[in-house]
Amino acid sequence: SMQNYVVIEFVDVAQGDCSLINVNNDKFFLIDTGGSLVSEFEIGENILYPYLVKKGIFALDGVFISHFHEDHCEALLKLIERLKIRNIFISYENVQNGLYLDIVKKAAEKDIPVKILTRGDKIKITKRVSFEVLYPNKDINKSEYENENNLSMVLLLDAYGKKVLFTGDIESEVEKIVSSQNNIDIDILKIPHHGSNTSSTDEFLKSFKPEYGIISVGINFFGHPSEKVLKRYEKHNIKIYRTDKNGLITIQITPSKYKI
């Protein structure tokens with residue numbers, strides 16, 4: 001058996017975020033699911049569901065949704081119909097957002113608990129593998145942010161002391177909060193907001209000191225990733241992989257090492 005083994009796959013879902021986490025071939029989690037920016041081509045139907053089935057994954061122990069933008073969670077609707085999902089983890093509610101309402105309604109039909117996680121919440125998977133939420137704070141004033149990017153769940157995966165930070169689409173204001181509240185030296189950063197120039201501030205990179213940055217991105221009209229941001233990572237000596245150029249990016253972590 002594959003004891004002591006965590007594999008993270010940054011799945012190429014075109015423009016969007018989706019990471020699959022496999023712990024000991026025994027527990028499986030998604031962080032975001034990607035989803036249609038173009039409605040004719042369904043990410044859930046045509047990419048993510050077939051990919052999971054091909055890997056023999058018919059049940060997910062948890063799906064973490066960073067925020068309710070379609071390129072992060074729309075494909076979840078299809079997965080709820082097709083797979084057994086044991087938990088959905090979110091970090092805020094937004095009854096003004098149709099996608100949020102659709103997900104909650106579908107989850108209720110299938111009796112899937114939807115749990116709100118905020119700073120300090122920890123999910124222990126095994127003795128040495130855990131998730132911890134760094135943001136948003138419990139008492140966050142949602143009305144401060146009409147921009148939902150800034151409500152994104154920031155999630156730290158610690159596997160045998162190797163640290164991977166998932167950042168959704170947070171922008172510079174929230175990077176500032178997260179840096180000021182934490183002092184963590186990480187190994188791998190899921191680069192915020194597809195490499196947009198609203199994020200990846202110098203302070204944030206200095207604070208977390210990743211060795212590697214992963215950009216989940218596809219063809220888009222937003223100018224992601226920004227040239228200026230790519231240069232900033234270079235300046236900080238952070239090596240970058242990106243799903244639009246490299247396709248599927250796999251990180252294997254064991255107690256002694258990790259490789260990409």
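A brief report on the enclosed structure follows. (Residues numbered from 1 in each chain as written. Predicted model: local features only at pLDDT ≥ 70, side-chain atom pairs only at ≥ 80, totals over all residues. Heavy atoms only, no water.)

Our focus in this paragraph is the packing of aromatic side chains. By the definition in use, this model includes 10 aromatic pairs. Measuring from centroid to centroid gives 6.0 Å for Phe10 and Phe166, while their planes differ by 25 degrees, and the two rings are stacked. Here Phe166 lies in strand S12 (residues 162–166) and Phe10 lies in strand S1 (residues 6–10), a separation of 156 residues in the sequence. Using a relative accessible area of 1% as the deciding quantity, one classes Phe10 as buried. When the ring of Phe204 is compared with that of Phe208, the centres are 5.0 Å apart and the planes differ by 55 degrees; the resulting orientation is tilted. Within this pair, Phe204 and its partner Phe208 are both found in helix H6 (residues 202–208), separated by 4 residues, close to a single helical turn. In this structure, Phe204 and Phe208 share a single accessibility class: buried. Members of the aromatic cluster, each reached through a chain of ring pairs, are Phe29, Phe64, Phe89 and Phe131. Taking the ring centre of Tyr49 as reference, the NZ or CZ of Arg82 above it sits at 4.8 Å. Lys239 extends its terminal NZ or CZ atom over the ring of Tyr241, reaching a point 4.7 Å from the ring centre. (Phe/Tyr/Trp six-rings, centres within 6.5 Å; stacked < 30°, edge-to-face > 60°. Helix = DSSP H or I, 4+ residues; strand = E, 2+ residues; numbered from the N terminus. Buried < 20%, exposed > 50% of the residue type's maximum accessible area, 1.4 Å probe, protein only. Lys NZ or Arg CZ within 6 Å of the ring centre and 35° of its normal.)

On to the sheet that holds strand S15 (residues 239–242), then. In space, the 7 strands of this open sheet follow the order S9-S10-S11-S12-S13-S14-S15, with mixed pairing throughout. The open sheet has two edge strands with one neighbour each: strand S9 (122–126) and S15. With strand direction ignored, the average angle separating the axes of adjacent strands in the sheet is 20 degrees. Where strand S10 (residues 129–135) meets strand S11 (residues 154–159), 6 bridges bridge the pair, whose relative direction is antiparallel. Each bridged residue has a counterpart across the sheet, and for Glu132 the counterpart in S11 is Leu156. (Pairing = 2+ DSSP bridges. Axes fitted to C-alpha atoms, helices over the stretch in contact; angles between N-to-C directions.)

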